[in-house]
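# Geometric and topological summary
Chain by chain, the residues:
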Amino acid sequence: MILTRILALLLALSSFSMLSIPTAQAQNFSLAPLPYPHDALAPVIDERTMQIHHGKHHQAYVDNLNRAIAASPALAGQSLEALLAQVSKAGDAVRNNGGGHWNHTFFWESMTRPGQGGAPSAALLAAINRDFGSLDQFKTAFRTAGLGRFGSGWSWLIVTPEGKLKVISTANQDNPLMDVVAERGTPLLGNDVWEHAYYLQYQNRRADYLDAWWQVLDWSVVSRRHAAAVK
Ligand code: MN3
């Protein structure tokens, strides 16, 4: 008799969890592992910075995004890109933490071991030359955008809706996919100029971080994004 009741209770519990799991999963974003070891970007970006930046900062954006969506059921079941495209309606918690999640995922995927990043594809280099004059002039524009961002934010290379390459910067965790930014476009690369991205190693020397960062930029990834964006 007792065993029967326990079995019935277990069945009830399992059917309850089977019913509730799909909804919970649909709302949950998760933190992917880094695509390389934490020390892979050293000496440009040190291991400790990568551990804290990925394991603490990025994890917190993911956790807070999931909390924000759990608190607003109307937002559930949408892709991150769909949420960002209409982020003006989703509220500041999704703007800050959804942006933080998307930006950092994109950032990790943009980097590789120092010296392993190759060079821009012929098509990307041609577009850079067309819209900036030269690769060096593009790098100067990107550096200026990163240095000129007061406080926390990101610098970006985007393809505009007209198909031109352009350097922009955004505040906080905003990005070019959001309907709240001044200039939208398809991001090809982004650099994190929050102090947490470089302070342990570079302290207040943001310019040194920006100059060293080119050594870990993976041009093959940026070139693939460019090919997809202009197709
Ligand atoms: Mn960051």
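Residues numbered from 1 in each chain as written. Predicted model: local features only at pLDDT ≥ 70, side-chain atom pairs only at ≥ 80, totals over all residues.

## Focus on the environment of Ala60
As for its position among the elements, Ala60 is in helix α2 (residues 47–71). Accessibility expressed as a C-beta count within 10 Å gives 14 for Ala60, which makes it partly exposed. (Helix = DSSP H or I, 4+ residues; strand = E, 2+ residues; numbered from the N terminus. Buried ≥ 20, exposed ≤ 12 C-beta atoms within 10 Å, placed from the backbone.)

## Concerning the pairing of strand β3 (residues 186–192)
A large share of β3 lies buried, amounting to six of its seven residues. Note that strand β1 (residues 153–159) and β3 share six bridges and pair antiparallel. Looking at the pairing, Val159 lines up with Thr186 of β3. (Pairing = 2+ DSSP bridges.)

## Regarding the sheet that holds strand β2 (residues 165–171)
Taken together, the three strands give an open sheet; going across it, the order is β2-β1-β3, and neighbouring strands pair in antiparallel fashion. Two strands bound the open sheet, and with one partner strand each, they are β2 and β3. Taking the axes of each pair of neighbouring strands and ignoring which way they run, one obtains an average angle of 25° across the sheet. Sheet strands in contact with helix α10 (residues 219–230) are β1 and β3, and its direction is about 150° off that of β3. (Axes fitted to C-alpha atoms, helices over the stretch in contact; angles between N-to-C directions. Contact = placed C-beta atoms within 7 Å.)

## Side note on the nonpolar core
Of all hydrophobic cores here, the largest spans 31 residues; its most connected members are Leu157 and Val216. Secondary-structure elements contributing two or more residues to this core are α6 (122–132), α7 (135–148), β1, β2, β3, α9 (206–213) and α10. The element best represented in this core is β1, accounting for five residues. Aside from chain neighbours lying at most four places away, what touches Leu157 is Phe142, Leu165, Val167, Leu188 and Leu189. (Core = buried A, V, L, I, M, F, W, Y, C linked by C-beta atoms within 7 Å.)

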